[in-house]
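# Descriptive structure summary
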Amino acid sequence: MYGESMEIDASNPVPQARRRLLDMDGYQWTVLFAAWLGWGFDVFDGLLFNYVAPNCVPTLLGIPIGSPEAKRATMEWTGILTSILLIGWAIGGIVFGKVADRIGRTKTLLLTMALYSVGTALCAIAPNIWTLIVFRMIASLGIGGEWAAGASMVAEVVPEKRRVEAGALLYTSAPLGLFLATFVTYQVQGVFFKGSPEVAWRYVFLFGLVPAAVAFLVRMFVREPERWKSVAERAAAPRIAELFSPEYRRTTLSGLGMALVALIMWWSCNAFIPTVASGLAQEHAALTGLAKEATQKLVEGWKALATNCFNLGGLIGTLLTVPAAKYLGRKPMFTLYFLLSAVAIMAAFGLDLDGHTRLYMYFPIGLTVFGVFGSFTYYLPELFPTRLRGTGAGFCYNAGRIVAAAGPFIVGSIAARGSASLSAAMGVLFWVGIVPLLGLALMPWVIETRNRVLAD
């Protein structure tokens, strides 16, 4: 865990060994922290809509919050908006991945963070659902572009033997970003504006401006990786078409296949956590005869519990990819996570459980479905050389979102058709458990990168 560097004391000419955490110096930790903040706020901004949807959607459509019509509309529009976010995310990820290889990792990180901050904050003034879609598209371009720049920057700056640990640590910001989104949403909608759900969601979106300040700090303290600068000076401009040349085709398909399976699972499950938790809380409130204000507080509390279980599982699962990847290898790691993901999803939505107990089942979903994403921050950069790293990692991690966008749309559309929208949503989510099982069939074509040196 610790490494040694040589330091000479002026009073003692004999070199002294100085211990360093994970063999990284102060600047390398600064780079990791900057990328960690960028990705954490990326996820924070990306998921705010899902947390405010039960109040935001009915308000913009002119439907009474909590009514059967509002529940069906929330299911449907959560699916639509999430799918649109994923498409914009994919476009931003592919475009800015290439930009990161052209103008640099740090500049791209700054640009994308500013873009998703402004786009999210604008959602606070949306007068109707169509304007909200436009603002979410603006935010999604930056949200998608940030990951490739941050992951490439970390992979190129940290010591070779600590790339897995650094990559997993980078991704721990995702569950913490969701913890922050849960906390902000609960405080704003459940505490400060609990009596005004029609306007509370607008103040939640305003918190999307916070990453803009962080982006300014990134620009002050982080410089472009020397590894990228030395290659960029002499290398030809990257082209997406190269990813499908004979030299890189299998590499690209390996990364894309693993990311696609993980993305379909994650977005199908996560996009509907607030609506499922809200539905379970409202059912419980109806059975126990709670008043309107008490019901609203219960809804926010159950949403927070479900998302916190998912996020805590994701945080632990992300860290567990480190020993799994280093001691088992990348292919066995993906196999293990996909198999356990199928079990977790089918158990959570297939077993006969009371509403409150079902919320805790989001922990094993987070441990597996969320946890596997801790591997992509090191696995995808390992697949490509420096001149193509941002382009390749950005394409693999984000192109699959176009396909994954169908998941939330289908779940939301089916769930919104009937009066029993909650049970319909859980029924569809149960069958999402088939996706990771299909992912196991791709394992023979997955490239193993264990012990591979990062290529220039």
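Cut-offs used in this document
- Residues numbered from 1 in each chain as written.
- Predicted model: local features only at pLDDT ≥ 70, side-chain atom pairs only at ≥ 80, totals over all residues.
- Heavy atoms only, no water.
- Salt bridge = Lys/Arg side-chain N within 4 Å of Asp/Glu carboxyl O.
- Buried < 20%, exposed > 50% of the residue type's maximum accessible area, 1.4 Å probe, protein only.
- Helix = DSSP H or I, 4+ residues; strand = E, 2+ residues; numbered from the N terminus.
- Polar contact = N/O pair within 3.5 Å; in protein donor to acceptor, adjacent residues only side chain to side chain.
- Contact = heavy atoms within 4.5 Å.
- Phe/Tyr/Trp six-rings, centres within 6.5 Å; stacked < 30°, edge-to-face > 60°.
- Lys NZ or Arg CZ within 6 Å of the ring centre and 35° of its normal.
- 1 Å grid on protein atoms, 1.4 Å probe; cavity = no way out; pocket = protein on both sides within 12 Å on 5 of 7 lines; lining within 4 Å.
- Points joined across faces, edges and corners; volume = space filled by probe spheres on them.
- Nonpolar A, V, L, I, M, F, W, Y, C, P; charged D, E, K, R; others polar.
- pLDDT = per-residue confidence, 0-100.
- Expected span 1.5 Å × (residues − 1).
- Patch = residues over 30% accessible without salt bridge, like charges linked within 9 Å, V, L, I, M, F, W, Y side chains within 5 Å.
- Areas by Shrake-Rupley, 256 points an atom, 1.4 Å probe, with all protein chains shown as cover.

### Re the pattern of salt bridges
All chains considered together, the criterion is met by 14 salt bridges. Arg-163 is the salt-bridge partner of Glu-160, the closest N and O atoms lying 2.3 Å from each other. Judged by its relative accessible area of 32%, Glu-160 falls in the partly exposed class. A network of salt bridges, in which partner residues are shared, links Asp-23, Lys-161, Arg-162, Glu-165 and Lys-326.

### Some words on the side chain of Thr-78
You can see Thr-78 is positioned in helix α2 (residues 68-103). Reaching out from Thr-78, the side chain makes a polar contact with the backbone oxygen of Thr-74 at a distance of 2.6 Å. Contacts of Thr-78, omitting those with residues within four sequence positions, involve Phe-49, Asn-50, Ala-53, Ala-271, Phe-272 and Thr-275.

### Thoughts on the packing of aromatic side chains
Inspection of every chain in the model, using the stated rule, returns 25 aromatic pairs. Ring geometry for Trp-39 and Trp-89: centres 6.4 Å apart, planes at 70°, overall edge-to-face. Placement of Trp-39 in helix α1 (residues 26-61) and of Trp-89 in helix α2 is noted, with a sequence separation of 50 residues between them. What makes Trp-39 buried here is its relative accessible area of 2%. Judged by centre distance (5.4 Å) and plane angle (80°), the rings of Trp-89 and Trp-267 are edge-to-face. Linking Trp-89 in helix α2 with Trp-267 in helix α10 (residues 249-270), this pair joins segments that are 178 residues apart in sequence. Of the two residues examined, Trp-89 and Trp-267, each falls in the buried class. Just above the ring of Tyr-27 sits the side chain of Arg-223; from NZ or CZ to the centre is 3.9 Å. The positively charged end of Arg-401 is found above the aromatic ring belonging to Trp-89, 4.0 Å away from the centroid.

### Overview of the layout of surface pockets
Reported here for the largest pocket is a volume of approximately 710 Å³. Taken together, 33 residues line the largest pocket, and the ones lying closest to its centre are Ile-65, Gly-66, Lys-71, Gln-282 and Val-299. Looking at the lining of the largest pocket, the elements with two or more residues in it are α1, α2, α7 (197-206), α11 (273-288), α12 (292-328) and α19 (421-431). Broken down by class, the residue content of the lining of the largest pocket amounts to 12 nonpolar, 12 polar and 9 charged. Empty space within the second largest pocket amounts to approximately 210 Å³. Around the second largest pocket sit Glu-160, Lys-161, Arg-163, Val-164, Ala-325, Lys-326, Arg-330, Glu-382, Arg-450, Asn-451, Arg-452 and Val-453, which together line it.

### Points about empty space enclosed by the protein
Under the defined criterion, the tally for this structure stands at 3 cavities of 30 Å³ or more. In terms of lining, the largest cavity is formed by Trp-39, Val-43, Trp-89, Tyr-171, Ala-174, Leu-263, Trp-266, Trp-267, Phe-373, Tyr-397 and Arg-401. If you list the elements that add at least two residues to the lining of the largest cavity, you get α1, α10 and α17 (386-404). If one sorts the elements of the lining of the largest cavity by residue count, α10 sits on top with 3 residues.

### Focus: the environment of Ile-264
Within the secondary structure, Ile-264 is located in helix α10. For the pair Ile-264 and Val-154, spaced 110 residues apart in the sequence, the C-alpha separation amounts to 26 Å. Residues in contact with Ile-264, not counting those within four places in the same chain, are Val-403, Ala-404 and Val-435.

### Considering the confidence of the model for the protein
Caution applies to low-pLDDT parts of the model: their predicted coordinates are not meant to be read in detail. Of all residues in the protein, 92% have pLDDT values of 70 or greater, and the mean over the chain is 84. Across residues 1-17 the pLDDT falls below 50, and counting only partners more than four positions away or on other chains, this stretch makes 31 contacts in the model.

### Some points on the side chain of Asn-55
By secondary structure assignment, the location of Asn-55 is in helix α1. Given a relative accessible area of 3%, Asn-55 falls into the buried group. Polar side-chain contacts of Asn-55 include one of 3.3 Å to the side chain of Gln-189. If near-sequence neighbours (up to four positions away) are discounted, Asn-55 is found in contact with Ile-65, Gln-189, Pro-197, Trp-201, Gln-296 and Glu-300.

### Concerning α2
Between the first and last C-alpha of α2 there are 50 Å, a value that for 36 residues agrees with the 52 Å anticipated at 1.5 Å per step. Two residues or fewer after α2 comes Gly-104, characterised by a positive phi angle close to 120°.

### Thoughts on a nonpolar patch on the surface
Taken together, the side chains of Leu-339, Trp-431, Ile-434, Leu-437 and Leu-438 define a hydrophobic patch exposed on the protein surface, amounting to about 490 Å² of accessible area. For the nonpolar patch, the element with the most residues is helix α20 (residues 434-440), which contributes 3 residues. One can find Trp-431 in helix α19.

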